[in-house]
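# Fold and contact review
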Amino acid sequence: METIALGHNTPPGDLDDLLAAVAAGSGRDLFNSETLPPEAYTSPAFFELEKEKIFRRDWLPIGHTGQIPNVGDYFTFDIMGELLVAVRGKDGEVRVMSRVCLHRWAPVAQGKGNTKLFSCPFHRWGYGLDGKLVVAPHMEKAEGFDPKRCTLPHIRSEVVEGTIYICFSDETPSLAPRLASFAERMKAFRLKDLVVAYSMEFTCEFNWKIAVETFMESYHHIGAHAKTLQDKHPGGLSYGEDSHEAWTASHQPLRPDLPTETNMQSGLPPFPDLPDEVRRDSGLYLIYPFNLIGTHADRIHWTTLIPVSANRTTWVRHVLVQPEALELPNLAEIAARMKAIGQRIADEDLEVNSMQQYGATSTYAQVGRLSHLESAVWQLSDYVRRRIAA
């Protein structure tokens, strides 16, 4: 099994050599698998290639319909240099549009909220929930100007099991058919009907692939999470599935001697239709390239990433619950407790992943062999290899 070593033998910035090293790991099974070269996590040139070959061509998750349940609800989301807004229209449909004013480019929406009109703060041009221009003050002397021909550009989007995906390419096939098996798996969790209990956001000083890989493997419980997750969900018991067309999954089962109720102590109502073996498992799902979904007996941890640069990523998480959970009188207390636990675990990951990113810059860093517990790392690497080669 030949490995092309980069490290100090490769001139910095030699993209052709890096691409050859990336491709060298193709065509292997799990038991002969290896990581991508460390330069694939640090090279600005490789990141630009990922933007072109992956982020501009594949389906990207920007949010969940639970964020915008009512007509006029909206949230903004910026990715790949594009300023976007997702909104629930008068017809109940979810649309994703550019939020850049067609007059002189100021954003017409910021953050989240509910509105009947997107009004530009610069000159008060106003757009309806469908993006059509309905207000343009003092434009009556602009010859040939027709406001009826002005509409905010719509971004191609699909909603699958509540997740709002966008795609910047018209040539990419529809995502929904490729997620049919995933949708079937999610039925018992009622993913498309869930609502947002609370959200969290983290700035990660490391590459987007490191964030995905760490979420999807539990091998690191023995190190990074030795004082948190390892006791109840030992990394050595985790396992991964074969990759599906557009998604894959890993599992971190509860320690066998612990009762199922151990996974149902948050105070949230559990999903009623889950078999015991599913309640005992914490499922980890990846819809390529970076929609991360963690399933629990009583909630879903829904995550998307915003790759900013080769060494910076924004992590956005929404904790989704059943609608009846919002009526709990102690929901704020439950959420605060869960946030604190989530922050502690996130801090453990942030620390070790930042160290990992730093280590990847060393001239002595090289391709590493993978454990059978890291099947999702292998699968993501092969996804990247396929996309970069396309």
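This text goes with the structure placed above it.
Residues numbered from 1 in each chain as written. Predicted model: local features only at pLDDT ≥ 70, side-chain atom pairs only at ≥ 80, totals over all residues. Heavy atoms only, no water.

### Quick word on helix α2 (residues 44-55)
Each α-helix winds once per 3.6 residues, and so residues spaced three or four apart point in a common direction. To keep it simple, the criterion reads: Only protein chains enter the area calculation, which uses a 1.4 Å probe; residues under 20% of their type maximum are buried, those over 50% are exposed, and those in between are partly exposed. Every helix listed is a DSSP run of H or I at least four residues long, and every strand listed is a run of E at least two residues long, numbered separately from the N terminus. Throughout, the arc means the angular range of directions from the helix axis out to the C-beta atoms. The criterion used for residue contact is that any of the two residues' heavy atoms lie within 4.5 Å. Two N or O atoms form a polar contact when they lie within 3.5 Å of each other; inside protein one atom must be a possible hydrogen donor and the other a possible acceptor, and for residues adjacent in sequence the pair counts only when both atoms belong to side chains.
Listing the buried residues of α2 in full gives Phe46, Phe47, Leu49, Glu50, Lys53, Ile54 and Phe55. For α2, the angular spread of buried residues about the axis comes to 165°, placing them on one side. Looking at the packing, one finds that the buried side of α2 touches α1 (15-23), β1 (60-64), α4 (208-216), β16 (300-309) and α7 (375-389). Its side-chain oxygen at 3.3 Å from the backbone nitrogen of Ala45, Ser43 defines the N-terminal cap of α2.

### Some points on the sheet that holds strand β13 (residues 247-253)
As a reminder of what qualifies: DSSP calls a pair of strands paired once it identifies at least 2 bridges connecting them. With axes taken as lines fitted to C-alpha atoms, and helix axes fitted only over the stretch in contact, angles between N-to-C directions fall between 0 and 180 degrees.
An order of β11-β17-β16-β15-β14-β13-β12 is seen for the seven strands of this open sheet, with the pairing classed as antiparallel. Both outer strands of the open sheet, β11 (195-204) and β12 (239-240), are each paired with one neighbouring strand and no more. Looking at chain direction, β11 and strand β17 (residues 312-321) are connected through nine bridges and run antiparallel. Bridge assignment links Cys204 to a residue of β17, and that residue is Thr313. Those strands touched by helix α6 (residues 331-360) are β11 and β17, and its axis lies near 25° from that of β11.

### Brief notes about the packing of α4 against α6
Heads up, the rule is: Roughly parallel means an angle under 35 degrees; roughly antiparallel, over 145; roughly perpendicular, 65 to 115; everything else is oblique. The handedness criterion is simple: a crossing whose near helix is rotated anticlockwise from the far helix by less than a right angle is left-handed, and one whose near helix is rotated clockwise is right-handed. Classification used: nonpolar for Ala, Val, Leu, Ile, Met, Phe, Trp, Tyr, Cys and Pro, charged for Asp, Glu, Lys and Arg, polar for all others including Gly.
Between α4 and α6, whose axes approach to 11 Å, the crossing angle comes to 135°. The angle between the axes of α4 and α6 places the two elements in the oblique class. In the packing of α4 onto α6, the handedness of the crossing is right-handed. Touching Ile210, Glu213 and Thr214 of α4 are Asp349, Asn353, Gln356 and Gln357, all from α6. Looking at side-chain class alone, the contact of α4 with α6 contains one nonpolar, four polar and two charged residues.

### Details of the side chain of Asn263
Take Asn263: it is sitting in the loop between β13 and α5 (276-279). Classification of Asn263 as buried rests on a relative accessible area of 14%. For Asn263, the side chain forms a polar contact with the main-chain oxygen of Arg279, separated by 3.0 Å. The contact partners of Asn263, leaving out residues within four places of it in the chain, are His233, Leu254, Arg279, Arg280, Asp281, Ala297 and Asp298.

### Side note on the pattern of salt bridges
Should the charged atoms of two oppositely charged side chains come close, the side chains can pair. Filter applied, for reference: Salt bridge criterion: a side-chain nitrogen from Lys or Arg within 4 Å of a carboxyl oxygen from Asp or Glu.
Summed over all chains, the structure comprises 17 salt bridges. Between Lys209 and Glu50 there is a salt bridge; the shortest N-O distance is 2.7 Å. Here Glu50 lies in helix α2 and Lys209 lies in helix α4, a separation of 159 residues in the sequence. We classify Glu50 as buried; its relative accessible area is 0%.

### Re the nonpolar core
To keep things clear, this is the line we draw: In this text, buried Ala, Val, Leu, Ile, Met, Phe, Trp, Tyr and Cys residues form a nonpolar core when linked through side-chain atoms within 4.5 Å.
Ile79, Trp208, Val212 and Val384 are the most contacted members of the largest nonpolar core, which totals 61 residues. Apart from the residues lying within four places of it in its own chain, the contact partners of Val212 are Leu286, Pro289, Phe290, Leu292, Leu305 and Leu380. The next biggest cluster of nonpolar side chains, apart from the first, holds 22 residues, and it includes Phe189, Leu191, Ile293 and Leu320.

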